Structure formats: structure tokens, C-alpha cells
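Here is how the chains run, residue by residue.
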Amino acid sequence: MDVLYIGDHKLQANEYFVGADSFKMFHQKIRDYEPLLETLEEATDLSVDFLDGPDTMTDFPRSVEELAEYDALIISDLSRGTLEPHFHPDSIPGPNLLRIVRDFVADGGGLVYCGGWMTFQGYQGVGNWHGTPVADTLPVDIRPIYDDRVERPEGAAVTIEEPDHPLLDSVGDDSLPVVYGYNEVAGVRDGATELATVDGNPLLAVSEHGDGRVVTYTSDPGIQWGLDLVEWDAYDEFWLDALEWATRQ
């Protein structure tokens, strides 16, 4: 299985104050502990290409045919603006990357779309995925609001709604781990299947779009929201099951 994984990356910059003056200094790209990437890199029957935010702007496939070289696409904690044309020097005229993602799924590709501060609407609306062609593929409706994050620092228990679904084989007789935050969506769309909820809101949902399949997880596959998730013994199995379901493998 060939997977393209975009997002979950940050840049570091510091601002220094010296008396009445201040200056900013760019340092470097930083890679946090990224358990999902480690899971993919360690899987023996899977090949993964990873693009951080800046690399996504310049190196994301420029056609459905190029993206179709992969079986699945993972989008996690990445703003819609990263794929918007004004960031790429040769983008106008050029392809609409959001439509490429939608058409990739419709043609049979798998999409795994994860939550975070920069997906769904995200932090102060910076994610801004509502109304995009990618949003059209998801099994849930994104709320058209300023900020859809729900912080649960005390932890919120997960309820399994469809325990017999193959994507939840790793769960067994238990449940998914507690989450510490999520993106609140408007609900599950007609034809989609809600597999798990948190606070009565969709956490894990799946659907088909055209010939492709989509998995949506409204929390974060890494820390902080996924603090307990990343320590879960079945973490690797869960995400690999999600990819296998999305790609019909």
C-alpha cells in the first residue's frame, strides 16, 4: 500500500525583546513526536511519503493522475489554506488541489481525515475546511462557525456505536481511549456510518464517496488531544485497519 501523509508539522520562530527593541528569528522546522508517521514508517507492507506544511505547498501532486499513484491520502492538522493557490508561485493559472483530492476519492482513492487545530474549522477558523470540495467527501458535516474545537483537559470517554465494524477489530471488547479534545461537527451525513462518539458527537465515521472510501476521526492522532491514544497498545493496528478499510485491502 502506498500512502501520502500531509500535515502534523510545525515551524519554530522566536521573538526576542531587548529593552525597547524586539526582533524575530526563524529557527527551523521542528518535528514533534509523531506516532502516526512512525506507525506508517514501521509497517512492513506499506510505503509512506510525508509532506509537512511548507513541502505540501510546493510538492503536493498537481493532478488526479499524480495523486492516484497513492492508494490513500492522510490529511491531519493541516489548514485548507495550505492547498490554496495563492501559496504556490505557479498556481494561477493552475489546478485546484482541493478538487484534485475530491476527484481522487471519487475515482477510488482512500482518504483518512483527522482532526486538530488546523482541520475542520479549527483554531479561530484557520482550518476553514467548511464548504470545500474536500468537505464534500467527508462522512460528517463541518460546522460553519468561527472555532469548532472542544477542549476536554479532564478527558472524555468514547462510546463505540458499531462494535462489529472491521475498522474496530483492534478495539475488541473495550473502547477507544479517552480523548482530550476534538472538533465538533454538525452530524453524520446520510449514508455514512457513525462508529464511535464522544460527548454524543461523532468521533469516528466512515462513508463512501464515488468509488472511494473516507475515514474521519475528529480528534488528533497525536498528542495532546490523543495523549492516551498514542500510548494505546492497539494504536498501530487501529490506524492500519483504518487504511485497509479506506483502500478496500
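Residues numbered from 1 in each chain as written. Predicted model: local features only at pLDDT ≥ 70, side-chain atom pairs only at ≥ 80, totals over all residues. Heavy atoms only, no water.

By the naming in an unreviewed UniProt entry, the protein chain goes by Cytoplasmic protein and is assigned to Halosimplex litoreum.

Chemist: I'd like a description of helix α4 (residues 97-106), backed by residues and values.
Modeler: Residues of α4 that are buried include every one of L97, L98, I100, V101, F104 and V105, and no others. All buried residues of α4 project into a common sector of 160° when viewed along the axis, lining one side. On its buried face, α4 is in contact with α3 (64-67), β5 (72-76), β6 (110-114), β13 (201-209) and β14 (212-217). Its side-chain oxygen 3.1 Å from the backbone nitrogen of L98, N96 forms the N-cap of α4. One or two positions beyond α4, positive phi appears at G108, with a value near 120°. (Buried < 20%, exposed > 50% of the residue type's maximum accessible area, 1.4 Å probe, protein only. Helix = DSSP H or I, 4+ residues; strand = E, 2+ residues; numbered from the N terminus. Arc of directions from axis to C-beta. Contact = heavy atoms within 4.5 Å. Polar contact = N/O pair within 3.5 Å; in protein donor to acceptor, adjacent residues only side chain to side chain.)

Chemist: Any chance you could break down the packing of aromatic side chains for me, citing the residues and the numbers?
Modeler: The way to describe two aromatic rings as a pair is by their centre distance and the angle between their planes. Applying the stated criterion across every chain yields a total of 9 aromatic pairs. Look at Y113 and W129: their rings are 5.6 Å apart centre to centre, the planes differ by 85°, and that puts the pair in the edge-to-face class. Of this pair, Y113 sits in strand β6 while W129 is found in the loop between β6 and β7 (140-141), placing the two residues 16 residues apart along the sequence. Residue Y113 is classed as buried on the basis of its relative accessible area, which comes to 0%. Arranged with centres 6.3 Å apart and planes meeting at 65°, the rings of Y217 and F238 form a pair that is edge-to-face. Here Y217, found in strand β14, pairs with F238, found in helix α5 (residues 235-246); they are 21 residues apart in sequence, far enough to count as distant. Each member of the pair, Y217 as well as F238, carries the same accessibility label: buried. In this structure, R149 packs its charged tip against the face of W117, placed 4.3 Å from the ring centre. In this structure, R213 packs its charged tip against the face of W245, placed 4.3 Å from the ring centre. (Phe/Tyr/Trp six-rings, centres within 6.5 Å; stacked < 30°, edge-to-face > 60°. Lys NZ or Arg CZ within 6 Å of the ring centre and 35° of its normal.)

Chemist: Give a detailed account of the side chain of S219, specifying residues and quantitative values.
Modeler: Locating S219 in the fold gives a position in the loop between β14 and α5. A relative accessible area of 0% places S219 in the buried class. A distance of 2.7 Å separates the side chain of S219 from the backbone oxygen of G181, its partner in a polar contact. Ignoring sequence-local partners within four residues, the contact set of S219 consists of C114, G115, G116, V179, G181, Y182, L203 and W225.

Chemist: Can you explain the pattern of salt bridges? Please cite residues and give values.
Modeler: In this structure the tally under the stated criterion is 10 salt bridges. A salt bridge links R152 to D199; the nearest nitrogen and oxygen atoms lie 2.6 Å apart. Residue R152 is found in strand β8 (residues 149-156), and its partner D199 is found in the loop between β12 (193-198) and β13; the two are separated by 47 residues along the sequence. For R152, a relative accessible area of 18% gives the class buried. When the shortest N-O distance is used, the salt bridge between R248 and E208 registers 3.7 Å. One end of the pair, R248, is in the segment after α5; the other, E208, is in strand β13, and 40 residues separate them in sequence. (Salt bridge = Lys/Arg side-chain N within 4 Å of Asp/Glu carboxyl O.)

Chemist: Please provide a residue-by-residue account of the sheet that holds strand β9 (residues 158-160), values included.
Modeler: If you walk across this open sheet you meet the 8 strands as β4-β1-β5-β6-β14-β13-β12-β9, and the pairing is mixed. The outermost strands of the open sheet, each flanked by one partner alone, are β4 (47-51) and β9. Going across the sheet, the axis of each strand differs from the next one's by a mean of 15°, ignoring polarity. Across 5 bridges, β12 lies against β13 in antiparallel orientation. When the bridges of β13 are listed, E194 appears paired with A205. Most of the contacts of α5 go to β14, to which it runs at about 150°, and overall it touches β1 (2-7), β5, β6, β13 and β14. (Pairing = 2+ DSSP bridges. Axes fitted to C-alpha atoms, helices over the stretch in contact; angles between N-to-C directions.)

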